[in-house]
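Read off the chains here:
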Amino acid sequence: MSCYRGKYADELIANAAYIGTPGKGILAADESTGTIGKRLSSINVENIESNRRALRELLFCTPGALQYLSGVILFEETLYQKTAAGKPFVDVMKEAGVLPGIKVDKGTVELAGTDNETTTQGLDGLAQRCAQYYTAGARFAKWRAVLKIGPNEPSQLAITENANGLARYAIICQENGLVPIVEPEILVDGSHDIAKCADVTERVLAACYKALNDHKVLLEGTLLKPNMVTPGSDSKKVAPEVVAEYTVRALQRTMPPAVPAVVFLSGGQSEEEATVNLNAMNQYKGKKPWTLTFSFGRALQQSTLKAWSGKEENVEKAQAAFLARCKANSEATLGIYKGGSGLSEGASESLHVKDYKY
Amino acid sequence: MSAFVGKYADELIKNAKYIATPGKGILAADESTGTIGKRLSSINVENVESNRQALRELLFTAPNAVTYLSGVILFEETLYQKTADGKPFVDVLLEANVLPGIKVDKGVVDLSGTNGETTTQGLDGLGARCAKYYEAGARFAKWRAVLKIGATEPSELSIQQNAQGLARYAIICQENGLVPIVEPEILTDGSHDIKKCAYATEMVLAAVYKALNEQHVLLEGTLLKPNMVTPGSDSPKVAPEVIAEYTVTALRRTVPAAVPGIVFLSGGQSEEQATVNLNAMNKLEGLKPWTLTFSFGRALQSSTLKTWGGKKENVAAAQAVFLARCKANSDATLGKYEGEGAGGLASESLYVKGYKY
């Protein structure tokens, strides 16, 4: 048998293609309880369930925003939450044509004998969990592998381990009806130049696609969530057109055309930077047989969070900020973003946190 | 450093792209002395240098045929041969905007412990040979790896060895100015169905591109020469549209967009069959970020050879037949081939069981 052709094959292909619809992208709202706690504390809001729920309701019920989203990635708690009026979040999304997704990994653990490199856990009982999430309405999943650049990094061990983990996760998802988003994030930390990032990205992506092939994953029913190719955080910035060229080229050299779309992570980029880079990629002239869109967390929520600050009276203002970022990124997927319009406070603020623990 | 960017990078990219020009393709005329001997004896022609020279002159000077060719693969002897008037073949080709290519592998050897599987030799001193060929006018090279389908084949060993051999060959070519054609041929021999062939092809191509990445090969300066995805030679045939779909699907799942063109081998297909299948692929709807064209040997020369029969008086007729096949395949790269009447030389199967090149 070639790659996966089980009972969900057609659905996986249709859903993956839908997520890659030009003009739409993904809101990554899957911060774990610990991580969302950090966000909430940055705006002096207590990390309790009702606040977590309130934040997500603010986002998912922003008038006019969902039309720019093809999917939202959720943390498990959120998958089962409802609006204040009692409507399941999953139904809010479905009615707006937005596919619910679910984060399924269980965080990273260190690889012994390496210099702080990690692998990602979460394979135990993954099939049962996926089946359960599918029943709850999820239609795609996400698993974050993390690599870093250093004098000896990423090591062959880190690349192989993470690629293998991603491939196992991917086939298990497909067997249970969830489109796997394959996320091999190479952290931006470091003083390396953009060429080095390109080299590493190409090597890592080649290893990922070899592993996916070995594990018989149906590529047409997957998505890739890579880092953009950029200089390291301690290096001089380059123009968006340069980021676009290096990033598209890395993908041309490694990602088979069968994959319908690339949903970029924003890493530590500011909201505006991430959008401008995505826009440059979509303007770039060259072979791009896959959609280039977004799967942003911080880069979609940062100024919204600041505007809200946990206060009911700020909800409308916060939703306006969120709508603006959604629309901006939607335009970027079409290469028509004009830049800078209606920037809210914080939109240009770098979101880089050194050695970021998710 | 990610991909190789030596002194020839821009030229490699330009040449690879040119070879992949829609409407053009490659004539594989690189039969070794032994192999061309078999062809010549099938038309009762003696295997001497002058006859080998005469055949190649017939092909390269066929009026108007070369407009449909972007490249011709040559055997070493031919690279240094001339027309009867004394003009080097390389000059004939270059003047017609056809890039000369050179076969650089040294044939296959058995892999012990396998069931008749092989690896390809030719890496020793390859760098120096490539440099020499570049000086003689060659601008691309070809290396044929061979795999087979069986109960336990292709084995992991065979896939790894052939992929690595192709990758080493490829980077050495690029260091010396030659665009490497990467040819992982999976033989049609067998009674397997088209799905089994698709499975093997996807596995092999994934391994090949992983190896190319490891060796830092500049994909934009390479070409792929794969088999089409078909049922085994002992299995019932399927429609060209089915071959097209399975083949393009396999390529979409494994060949990165950076590769400019895919130049199919014809294997044992008849001239007509190979053209019709290529045409079906180019008519297929859907994203194909690389050109789909031909690198045919037997499927371009078979009826030409028969028409010639080694006789001077038949040259014009043979050249007309050759022109017809070139044009047919050119049309096929554009999805515009209308097909010819069935029967006749062009429909004759060229399949030879256990074919030794």
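Residues numbered from 1 in each chain as written. Chains lettered and ligands numbered in written order. Predicted model: local features only at pLDDT ≥ 70, side-chain atom pairs only at ≥ 80, totals over all residues. Heavy atoms only, no water.

Please provide a residue-by-residue account of the overall build of chain A, values included.
Scanning chain A from terminus to terminus reveals 12 helices and 10 strands. Counting only C-alpha atoms and orienting by the principal axes, one finds that chain A spans roughly 50 × 50 × 40 Å. The 358 residues of chain A split such that 62% are buried. By sequence separation, contacts in chain A at least 24 residues apart represent 81% of the contacts at least 6 residues apart. On chain A, the mean spot of the 40 positive side-chain charges and the mean spot of the 40 negative ones are 3 Å from each other. (Helix = DSSP H or I, 4+ residues; strand = E, 2+ residues; numbered from the N terminus. Buried < 20%, exposed > 50% of the residue type's maximum accessible area, 1.4 Å probe, protein only. Contact = heavy atoms within 4.5 Å. Lys, Arg positive; Asp, Glu negative; His and termini not counted. Charge placed at Lys NZ, Arg CZ, Asp CG, Glu CD.)

Summarise the interface of chain B and chain A; cite the residues concerned and give the values.
Contacts between chain B and chain A engage 26 residues on the former and 26 residues on the latter. Here chain B and chain A share an interface that buries about 2,100 Å² over both sides, 54% of which is from carbon and sulfur atoms. On the chain B side of the contact with chain A, B:Tyr199, B:Arg252 and B:Arg253 bury the most area, a combined 28% of that side's loss. Scanning the region where chain B abuts chain A turns up 2 salt bridges. A:Glu220 is the partner of B:Arg253 in a salt bridge, and the nearest nitrogen-oxygen pair spans 2.8 Å. Put simply, chain B and chain A have 11 residue pairs in polar contact (both at pLDDT 80 or more) between them. Here the side of chain B that touches chain A takes 7 residues from helix 8 (residues 194-214) of chain B, the largest share from any one element. Among the residues forming the side of chain B that touches chain A, the class breakdown is 17 nonpolar, 4 polar and 5 charged. (Buried area = accessible area lost by both parts, 1.4 Å probe. Salt bridge = Lys/Arg side-chain N within 4 Å of Asp/Glu carboxyl O. Polar contact = N/O pair within 3.5 Å; in protein donor to acceptor, adjacent residues only side chain to side chain. Nonpolar A, V, L, I, M, F, W, Y, C, P; charged D, E, K, R; others polar.)

How would you summarise helix 2 (residues 33-42) of chain B if you had to cite specific residues and measurements?
One turn of an α-helix holds 3.6 residues; hence residues three or four places apart share an orientation. Inspection of helix 2 of chain B places B:Thr35, B:Ile36, B:Gly37, B:Arg39 and B:Leu40 among the buried residues, and these make up the whole buried set. Considering only its buried residues, helix 2 of chain B is in contact with helix 3 (49-60) and helix 11 (298-308) of chain B.

How would you summarise the packing of aromatic side chains if you had to cite specific residues and measurements?
Residue and element names in this part refer to chain A. With the rule as written, the count across this model stands at 8 aromatic pairs over all chains. Plain terms: the ring middles of tryptophan 143 and tyrosine 169 are 5.2 Å apart, the flat faces sit at 25° to each other, and that makes the pair stacked. A residue pair is termed long-range when its members are at least 10 positions apart, and tryptophan 143 in strand 6 (residues 140-147) and tyrosine 169 in helix 7 (residues 156-175) qualify at 26 residues. Of the residues examined, tryptophan 143 reaches a relative accessible area of 1% and is grouped as buried. On the basis of relative accessible area, tyrosine 169 is assigned to the buried category, the value being 0%. Positioned above the aromatic ring of tyrosine 246, the side-chain terminus of arginine 249 is 5.0 Å from the ring centre. (Phe/Tyr/Trp six-rings, centres within 6.5 Å; stacked < 30°, edge-to-face > 60°. Lys NZ or Arg CZ within 6 Å of the ring centre and 35° of its normal.)

How would you explain the state of the cysteines if you had to name every residue and give the values?
Enumeration over the complete set of coordinates arrives at 0 disulfides over all chains. The thiol of A:Cys3 is not disulfide-bonded; the next cysteine sulfur, from B:Cys197, is found 15 Å away. Under the relative-accessibility criterion, A:Cys3 is labelled buried at 5%. Here A:Cys61 is not disulfide-linked; the sulfur of A:Cys326 is the nearest cysteine sulfur, at 13 Å. (Disulfide = S-S within 2.5 Å.)

Any details on the pattern of salt bridges? Residues and values, ideally.
Residue and element names in this part refer to chain B. Following the criterion strictly, the structure yields 33 salt bridges over all chains and no others. Residue glutamate 202 is joined to arginine 253 by a salt bridge in which the shortest nitrogen-to-oxygen separation is 3.3 Å. One end of the pair, glutamate 202, is in helix 8; the other, arginine 253, is in the loop between helix 9 (240-252) and strand 9 (261-264), with 51 residues separating them in the sequence. Residue classification places arginine 253 among the buried residues on the basis of a relative accessible area of 11%. A salt bridge links glutamate 272 to arginine 325; the shortest N-O distance between them is 3.3 Å. On the criterion of sequence distance, the pair formed by glutamate 272 in helix 10 (residues 271-283) and arginine 325 in helix 12 (residues 315-333) is long-range, its members being 53 residues apart.

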